[in-house]
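# Observations on chain architecture
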Amino acid sequence: MATMLLLTFLISSLIMVTVGLAIDSMEILRLGIDGQLSVDPSDVETASLDFGLLTRGQPLAVLHPVSAQDISQVVKAVYGSNQGMTVSARGHGHSINGQAQTTNGVVIQMSGWKGGNKPPRPRVWAEERYVDVWGGELWIDVLKSTLEYGLAPKSWTDYLYLSVGGTLSNAGISGQAFNHGPQISNVYELDVVTELFHAVLGGLGQFGIITRARISLEPAPKMVRWIRVLYSNFSAFTSDQEHLISLHAEPSNQKFDYVEGFVIVDEGLINNWRSSLLSPQNPVKISTLFPSGGVLYCLEIAKNYHESTVQTIDQEVEFLLKKLNFISTSVFTTDLLYVDFLDRVHKAELKLRSKGLWEVPHPWLNLFIPSSKIAEFDKGVFKGILGNKTSGPILIYPMNKNKWDHRSSVVTPDEGVFYLVALLRSALDNGEETQSLEYLNNQNRQILRYCDEAGIKVKRYLPHYTTQQEWMDHFGNKWDRFYEMKMEFDPRHILASGQRIFTPTFPSSSNMPS
Ligand code: FAD
């Protein structure tokens, strides 16, 4: 009992010292800020968690900035505070592994503002075809703003309730990437607050906080024809996908605007939350197509159209479909508004939320796989390790490497075409072993081990590692440049600490940045 009391006393003293330091720091940080610096428990709790629900990191405070100046002010104060504090930008908190968290510092909450002052609204330059947006803006709001001018960004993620800074600091990919590259390839300019200065950069914001992005726009289509077709033969499926993405340089009436796909290893998940098969043109009982003990593959393609092209859409689609080798009775077609197509995952989110299935742990694994090894991956993972059981959608689609900027710090395989395989699984505590977090985590490890042993040189998208050596292996020949840039823009490693690539350094004397 006495030991318990002593321990409690020691812990309380420690907390008081930490809080004391925090309060001193807060006073420094508050100087000259137009936004809000909050230690409100509900703000701190929100910033401690993310969509993954796998890690928790409680910050000392949360900044709701309204300008780049606010952010710059806090970064300077943290840099000069000499208390080993760190700063993490947080967009909409949809990371999986605590990438937007910090345990000894300030989270800069870029999305969702509080109080009277607000960050700048999106500004559309219609004639020049670009939009300037605040780094914390959600893509859904970017879309709404640009649609007022009949314009839209070209490259998307499947889900729009993600922030501009959050996706651009990774890449941002979806079925348009084969054609337009990732979202970051469609940005003209970024304003980035780094540790040492507030600069306008025409490149990537890996070492600072993106406060403004200038995003390229195109005329927005009104409608989308969304088509899904099934395959039981993996090689037919991937050669069709690769054929479709090879058409990227063709005129727009001779290619699809969106190419994705998913794997159905479990008949129960035919209508998964990411993409349900609706409105069959040729109604067919899907279970009859399911090869026994096998796997089905669904190719998802979409073609945009306007009132002016409504006459030709049938012919264009028919022409493109004729060249594909899917199961002929499995064509599922839906015509819908462009905005509804782009926002399709949000509808699924609302359904899952209503069943309490959204706020559960998500041990997601996103891999880039060289196209020469995708058949081996199919054999070992989809038809092997997963064993006809999964707990969520598995996306698979190829992209063209030449649409990616090699200067960016995102790492992709060394082949002209590579696939994204996204295992987007949810862990449930329902007594079923194959849906438990432990089971799914073990399976993820097994998949990575299999790739390693089979010599499949996968690169992780939205990577998460715990040692610097693993990060160095991940970056490969990009590491030296990455390290140099870190040293140049964030020498004390106070930014992006949630990525766990570098450890913050604590100098004995501080030099305030000018
Ligand atoms: P946060 O989780 O808040 O932050 C993510 C990282 O970005 C952190 O390291 C953070 O510090 C940094 N960051 C945030 N804001 C800024 C800023 N302004 N400046 C600099 N750094 C910043 N990704 C795809 O590419 N394609 C998809 O189709 C896709 N679909 C998804 C669907 C769902 C349901 C979910 C949960 C995620 C999906 N993702 C997808 C992954 C998503 O793009 C990333 O997790 C992204 O980082 C989330 O953005 P966020 O605003 O929630 O970022």
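Structural notes, computed from the coordinates. In this text the structure is predicted, and so the values were computed from the model without any measurement.

Let us now look at the sheet that holds strand β1 (residues 36–38). If you walk across this open sheet you meet the four strands as β1-β2-β4-β3, and the pairing is mixed. At either end of the open sheet lies a strand with only one pairing partner, and these are β1 and β3 (86–90). The average undirected angle you get between the axes of adjacent strands in this sheet is 25°. As paired strands, β3 and strand β4 (residues 105–109) are joined by five bridges and run parallel to one another. When the bridges of β4 are listed, S88 appears paired with V107. With respect to the sheet, helix α2 (residues 41–48) is in contact with β1, β2 (61–64), β3 and β4, its orientation differing from that of β2 by roughly 95°.

Turning to the packing of aromatic side chains, a few remarks are in order. Going through the model one piece at a time under the given rule, you end up with 29 aromatic pairs. Both rings, one in F368 and one in W404, keep their centres 5.8 Å apart while their planes meet at 80°; by these two values the pair is edge-to-face. Placement of F368 in strand β15 (residues 365–370) and of W404 in the loop between β16 (394–400) and β17 (417–423) is noted, with a sequence separation of 36 residues between them. For the pair formed by F368 and W404, the shared burial category is buried. In this structure an aromatic cluster arises from ring pairing among Y231, F234, F237, Y297, F326, F377 and F382. The side chain of R214 reaches across the aromatic face of W125, ending 5.8 Å from its centre. The lysine or arginine in question, R492, covers the ring of Y79, its NZ or CZ lying 4.0 Å from the ring centre.

Attention now moves to the pairing of β2. Residues A61 and L63 point to one face of β2 and V62 and H64 to the other, with burial holding for every one of them. In this sheet, β4 lies alongside β2 in parallel orientation, the contact comprising three bridges. Each residue of the ladder has a partner; that of V62, found in β4, is V107.

Let us look at the side chain of D343. Looking at where D343 falls in the secondary structure, it is placed in the loop between α10 (338–342) and α11 (344–354). K347 provides the closest opposite charge to the buried, salt-bridge-free D343, at an N-O distance of 5.0 Å. If sequence neighbours within four positions are ignored, D343 has contacts with I140, L160 and Y161.

This next bit is on the site of the ligand. Close contacts around the ligand come from 32 residues, with A89, G91, H94, S95 and Y461 the closest. A distance of 2.9 Å separates an oxygen atom of the ligand from a polar atom in the backbone of H92. Look at the ligand: alone it shows 960 Å² of surface, and the protein chains cover 95% of it. For the shell around the ligand, the secondary structure elements donating two or more residues are β3, α5 (164–168) and β10 (208–219). Lining the shell around the ligand are residues from two domains, each supplying at least three of them: domain 1 (123–219) and domain 2 (223–460).

Once that is clear, we can look at the nonpolar core. Core analysis: the largest hydrophobic core is formed by 61 residues, its most contacted members being W139, L168, I173, F368 and M399. Residue contributions to this core reach at least three from each of two domains, namely domain 1 (123–219) and domain 2 (223–460). Apart from the residues lying within four places of it in its own chain, the contact partners of W139 are P153, W156, L160, L162, S163, V164, T167, L168, Q183 and I215. Counting residues in hydrophobic clusters, the runner-up holds 45 residues, among them L244, V265, L299 and Y305.

Cut-offs applied
- Residues numbered from 1 in each chain as written.
- Predicted model: local features only at pLDDT ≥ 70, side-chain atom pairs only at ≥ 80, totals over all residues.
- Heavy atoms only, no water.
- Pairing = 2+ DSSP bridges.
- Helix = DSSP H or I, 4+ residues; strand = E, 2+ residues; numbered from the N terminus.
- Axes fitted to C-alpha atoms, helices over the stretch in contact; angles between N-to-C directions.
- Contact = heavy atoms within 4.5 Å.
- Phe/Tyr/Trp six-rings, centres within 6.5 Å; stacked < 30°, edge-to-face > 60°.
- Buried < 20%, exposed > 50% of the residue type's maximum accessible area, 1.4 Å probe, protein only.
- Lys NZ or Arg CZ within 6 Å of the ring centre and 35° of its normal.
- Lys, Arg positive; Asp, Glu negative; His and termini not counted.
- Salt bridge = Lys/Arg side-chain N within 4 Å of Asp/Glu carboxyl O.
- Near = heavy atom within 4 Å.
- Polar contact = N/O pair within 3.5 Å; in protein donor to acceptor, adjacent residues only side chain to side chain.
- Areas by Shrake-Rupley, 256 points an atom, 1.4 Å probe, with all protein chains shown as cover.
- Domains from an automatic or database assignment.
- Core = buried A, V, L, I, M, F, W, Y, C linked by side-chain atoms within 4.5 Å.

On their own, these measurements won't tell you what the molecule is for.
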